[in-house]
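Structure at a glance
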Amino acid sequence: MTRALPQVTPPPFAPPCPVGTPCLAPGDVVRVLPGGGGPGHVRTPWYLRGAVGRIERICGDFPNPEELAYGRDGRPARTLYRVRFAMAELWGARAERPEDTLDAEIFEPWLEPVHAS
Amino acid sequence: MPHDHHDHGHDPGGLSPSGHPYRKDQDHALTHWQRMEIAIRELLVERGLTTPVEIAAQVARMDARSPALGAQVVARAWSDPDYRARLLADGSGACREEGIEVDALKLVAVENTPDTHNVVVCTLCSCYPRMLLGLPPDWYKSRAYRSRTVREPRAVLREFGLDLPDRVAVRVHDSTADMRYIVLPARPEGTEGWSRAALADLVSRDCMIGVAVPRTP
């Protein structure tokens, strides 16, 4: 299946926030994990679950909101990325203009690399 | 129809002179969270951890934030190419140069160009760069804006009076985590040599959310 992939221009500067050892790099193709259907505080919107996009930039390492929400300290911090999606990928034929794009912030545990075949 | 406002001569039909309903007096019992807020606040004051003056000062600090701060940043970026580059690379650092503290959250500036238009939304809640724009407008927090902007941004922008030609790509930014966003609009033509203050006057709150573009002089 051919996925609609957006163009990204990796920023010509380093992330302004501390970052440890990110597993992904700008330009990489990634899939957002479908996640479980259960309750819990997550910050990965439903409409992006399972969608394929490209890493636009690395934002830095931040305390994990899925831990902070339950009064824990959010450690270890997780790497946060901005991921760009083509509207065609998100909404299919109903997209207003398929090549328009959407960027969202997604934490590393929610992303898996997709290797172009 | 029962009507219990006979003693309110100023309240014909329960509408203000501008035709809006009056807000009801809050005669109901406190909610659980209202009681909790009062209890925690009074305990903090009793223990000497804060004072009513400090709390009032913090409220005043939040109320003092307005889109004028964001406009000041935009006007400087338009006037100073090096500052523009620093703003795009590290929004929080560039704000600090202007005396604006972004606190724990990180600011990302996204730039409109002749072929790209940016618009910001938070589908999960209502994340908003308050340090630069003050309190968000009610529509920014509405389900309609939050759900439609990711799905049909062009239709939403048209309702704001912004009809983008097809050759301009729309880039939606869903503010889902620790970043906050400001749109750096394109500088209007015909403003060469303008002072920063005059430029800042062209930059409205809506321009920096991305649902409008600056007025052309």
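So, here is what we can say about the structure in this document. These numbers were taken from a predicted model, which means no experiment stands behind them. (Residues numbered from 1 in each chain as written. Chains lettered and ligands numbered in written order. Predicted model: local features only at pLDDT ≥ 70, side-chain atom pairs only at ≥ 80, totals over all residues. Heavy atoms only, no water.)

**Examining the interface of chain A and chain B**
Taken residue by residue, the interface counts 24 residues in chain A and 31 residues in chain B. Around 2,400 Å² of area is buried between chain A and chain B when both sides are counted, 51% of it from carbon and sulfur atoms. Among the residues of chain A in contact with chain B, A:Arg43, A:Glu96 and A:Glu105 are the three that bury the most area, contributing 26% of the side total. At the boundary of chain A with chain B, the tally comes to 2 salt bridges. For A:Arg97, the salt bridge is made with B:Asp166, and the minimal N-O distance between the two is 3.4 Å. Viewed at the interface, chain B and chain A are joined by 19 residue pairs in polar contact (both at pLDDT 80 or more). When contributions to the side of chain A that touches chain B are tallied by element, the ones reaching two or more residues are strand 2 (52–62), strand 3 (78–86), helix 2 (87–91) and strand 4 (101–107) of chain A. (Contact = heavy atoms within 4.5 Å. Buried area = accessible area lost by both parts, 1.4 Å probe. Salt bridge = Lys/Arg side-chain N within 4 Å of Asp/Glu carboxyl O. Polar contact = N/O pair within 3.5 Å; in protein donor to acceptor, adjacent residues only side chain to side chain. Helix = DSSP H or I, 4+ residues; strand = E, 2+ residues; numbered from the N terminus.)

**Some words on the packing of helix 3 (residues 67–79) of chain B against helix 4 (residues 81–89) of chain B**
Residues and elements named next belong to chain B. Following both chains from N to C, one finds helix 3 and helix 4 inclined at 125°, their axes separated by 5 Å at the closest point. Comparing the axis directions of helix 3 and helix 4 gives the class oblique. Side by side, helix 3 and helix 4 meet where Val 73, Arg 76, Ala 77 and Ser 79 of the first sit next to Pro 81, Tyr 83, Arg 84, Arg 86 and Leu 87 of the second. The residue inventory of the contact of helix 3 with helix 4, partitioned by class, reads 5 nonpolar, 1 polar and 3 charged. (Axes fitted to C-alpha atoms, helices over the stretch in contact; angles between N-to-C directions. Parallel < 35°, antiparallel > 145°, perpendicular 65-115°, else oblique. Nonpolar A, V, L, I, M, F, W, Y, C, P; charged D, E, K, R; others polar.)

**Points about the environment of A:Val52**
Relative to the helices and strands, A:Val52 is located in strand 2. The spacing of A:Val52 and A:Ala4 is 48 residues in sequence and 8.2 Å in space, taken between C-alpha atoms.

**Here we look at the pairing of strand 1 (residues 29–32) of chain A**
Residues and elements named next belong to chain A. Taken together, the 3 bridges between strand 1 and strand 2 define a ladder with antiparallel strand orientation. In the sheet register, Val 29 faces strand 2, and the bridge partner there is Arg 54. Pairing geometry for strand 1 and strand 5 (residues 111–113), over 3 bridges, is antiparallel. Paired with Val 30 across the two strands is Pro 113, which belongs to strand 5. (Pairing = 2+ DSSP bridges.)

**Some remarks on the sheet that holds strand 2 of chain A**
Across the sheet, 7 strands lie side by side as 5(A)-1(A)-2(A)-3(A)-4(A)-3(B)-2(B); this open sheet has mixed pairing. At either margin of the open sheet sits one strand with a lone partner, and together these are strand 5 of chain A together with strand 2 (116–121) of chain B. With strand direction ignored, the average angle separating the axes of adjacent strands in the sheet is 35°. Sheet analysis places strand 2 of chain B next to strand 3 (residues 169–174) of chain B, joined by 6 bridges and oriented parallel. Along strand 3 of chain B, the bridge assignment pairs B:Val119 with B:Val172. Running over the sheet, helix 8 (residues 143–151) of chain B touches strand 4 of chain A together with strand 2 and strand 3 of chain B and is turned about 150° from strand 2 of chain B.

**Brief notes about a nonpolar patch on the surface**
Residue and element names in this part refer to chain B. Judged by side-chain polarity, Ile 40, Leu 44 and Leu 49 come together as a nonpolar surface patch covering roughly 290 Å² of accessible area. Here Leu 49 shows up in the loop between helix 1 (32–46) and helix 2 (52–64). By relative accessible area, Leu 49 is classed as exposed at 61%. (Patch = residues over 30% accessible without salt bridge, like charges linked within 9 Å, V, L, I, M, F, W, Y side chains within 5 Å. Areas by Shrake-Rupley, 256 points an atom, 1.4 Å probe, with all protein chains shown as cover. Buried < 20%, exposed > 50% of the residue type's maximum accessible area, 1.4 Å probe, protein only.)

**Focus: the pairing of strand 4 (residues 179–184) of chain B**
Within a regular strand, the side chains alternate between the two sheet faces. All names here are of chain B. The element strand 4 is largely enclosed, with a buried count of 6 among its 6 residues. Side chains Met 179, Tyr 181 and Val 183 project from strand 4 onto one buried face, and the interleaved Arg 180, Ile 182 and Leu 184 project onto a second face that is buried too. The sheet contact formed by strand 1 (residues 106–111) and strand 4 spans 6 bridges and is parallel. When the sheet's bridge partners are listed, Ala 109 is paired in strand 4 with Ile 182.

**Some thoughts on the packing of aromatic side chains**
One pass over the full model with this rule turns up 7 aromatic pairs over all chains. Their ring planes at 65° and their centres at 6.3 Å tell us that B:Trp139 and B:Tyr140 sit as a pair that is edge-to-face. The class for B:Trp139 is partly exposed, based on a relative accessible area of 23%. Judged by its relative accessible area of 1%, B:Tyr140 is buried. Three or more aromatic residues joined by ring pairs form one cluster here, namely B:Tyr128, B:Trp139, B:Tyr140, B:Tyr145 and B:Phe160. We note A:Arg49 situated over the ring of A:Trp46; from NZ or CZ to the ring centre the distance is 4.1 Å. (Phe/Tyr/Trp six-rings, centres within 6.5 Å; stacked < 30°, edge-to-face > 60°. Lys NZ or Arg CZ within 6 Å of the ring centre and 35° of its normal.)

**Considering helix 8 of chain B**
Considered for burial, the residues of helix 8 of chain B that qualify are B:Tyr145, B:Arg146, B:Thr149 and B:Val150. When helix 8 of chain B is viewed along its axis, its buried side chains cluster within an angular range of 110° and face the same direction. (Arc of directions from axis to C-beta.)

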